[in-house]
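# Analysis of the macromolecular model
The chain contents come next:
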Amino acid sequence: MKRIVSLSIFIVLVIIVLWSITSNYNTSDQLQQAKSRRYVEIFMNEFEMTSMDENGAPDYLLNGVHLQRYNDSDNTEIRQPVLQLLRKDRQWKVSAEKAIFNHSNDTLQLIDNVIMQQQNIEPAVTIRTQNLMINATTKIAKTRAHVDITQGNSRIQSNGMIYNNITSELELSSSVNGHYVPYN
């Protein structure tokens, strides 16, 4: 009788161990666990990217010191970005300490020491602010932060602005003050 009980317990234990080892684990459970961990999906150092317009001509160049994007985000983080808007008659160079490019909205949020300088014109317009959002589709740059605009001896300050690079319209939001010196 003792042997039958011992043998029965042994057989039950073998069945339990075999069942636990050979269980069919669902592969989607394993994939869900891997997706939940955050990791850098892509990164580049010293990069340069060119975006083309609908006609196949270069629309803008974006370069920087470091670029990285996480697997669980639509945002790409960029250190020391330099954006060159390449419209034929309205070229601008925009730089900052860092930027966040959102792929779903096609926007570039420039952060800290933002300098937007007009190219191929003298005297050039220079816009300085701490925060600037540029929509790559609509070509509109806007901020609610303090803005300091200079051109030659002229200087205008404002709290916030909207600039349309297609129409070259600049709208200053509030608390506008400064002086404008016409040039020839």
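Structural data are supplied above this passage.
Residues numbered from 1 in each chain as written. Predicted model: local features only at pLDDT ≥ 70, side-chain atom pairs only at ≥ 80, totals over all residues. Heavy atoms only, no water.

### Focus: the pattern of salt bridges
- In this structure the tally under the stated criterion is 4 salt bridges.
- Arg38 is paired through a salt bridge with Asp72; the nearest N and O atoms lie 3.2 Å apart. Taken together, the residues Arg38 in the loop between α2 (27-36) and β1 (40-52) and Asp72 in the loop between β2 (58-70) and β3 (75-79) connect sequence positions 34 residues apart.
- Where Lys139 meets Asp59, a salt bridge forms, and the shortest distance between an N and an O atom there is 2.7 Å. Here Asp59 lies in strand β2 and Lys139 lies in the loop between β8 (125-135) and β9 (140-151), a separation of 80 residues in the sequence. Neither Lys139 nor Asp59 differs from the other in exposure class; each is buried. (Salt bridge = Lys/Arg side-chain N within 4 Å of Asp/Glu carboxyl O. Helix = DSSP H or I, 4+ residues; strand = E, 2+ residues; numbered from the N terminus. Buried < 20%, exposed > 50% of the residue type's maximum accessible area, 1.4 Å probe, protein only.)

### Quick word on a nonpolar patch on the surface
- Residues Phe10, Ile11, Val14, Ile15 and Leu18 make up a contiguous nonpolar surface patch of about 470 Å² in total accessible area.
- You can see Ile11 is positioned in helix α1 (residues 2-21). (Patch = residues over 30% accessible without salt bridge, like charges linked within 9 Å, V, L, I, M, F, W, Y side chains within 5 Å. Areas by Shrake-Rupley, 256 points an atom, 1.4 Å probe, with all protein chains shown as cover.)

### Some words on the packing of aromatic side chains
- On inspection of all chains with the given rule, the structure shows 1 aromatic pair.
- Their ring planes at 65 degrees and their centres at 5.3 Å tell us that Trp92 and Tyr163 sit as a pair that is edge-to-face. Linking Trp92 in strand β5 (residues 90-95) with Tyr163 in strand β10 (residues 154-164), this pair joins segments that are 71 residues apart in sequence. Note on accessibility: Trp92 and Tyr163 belong to one class, buried.
- One Lys or Arg, Arg38, reaches over the ring of Tyr70 and ends 3.7 Å from the middle of that ring. (Phe/Tyr/Trp six-rings, centres within 6.5 Å; stacked < 30°, edge-to-face > 60°. Lys NZ or Arg CZ within 6 Å of the ring centre and 35° of its normal.)

### Topic: the nonpolar core
- Within the largest apolar cluster, 26 residues are counted, with the highest numbers of intra-cluster contacts made by Leu110 and Leu132.
- Of all elements in the fold, only β2, β4 (82-87), β5, β6 (98-102), β7 (107-118), β8, β9 and β10 reach the threshold of two or more residues within this core. (Core = buried A, V, L, I, M, F, W, Y, C linked by side-chain atoms within 4.5 Å.)

### A look at unusual backbone geometry
- Residues Glu122 and Pro123 are joined by a peptide bond in cis, for which omega reads -10 degrees.
- Tracing the backbone through its elements, the reader meets Pro123 in the loop between β7 and β8.
- Of note, the phi angle at Ser175 is positive, near 50 degrees, even though the residue is not glycine.
- Using a relative accessible area of 52% as the deciding quantity, one classes Ser175 as exposed.

### Comments concerning the environment of Val181
- On the secondary structure map, Val181 appears in the segment after β11 (169-179).
- Exposure remark for Val181: the relative accessible area of 37% places this residue in the partly exposed category.
- Put simply, Val181 and Met116 are 65 residues apart on the chain and 20 Å apart in space, counted from C-alpha to C-alpha.
- Other than its neighbours up to four places away in sequence, Val181 contacts Asn153 and Ser154. (Contact = heavy atoms within 4.5 Å.)

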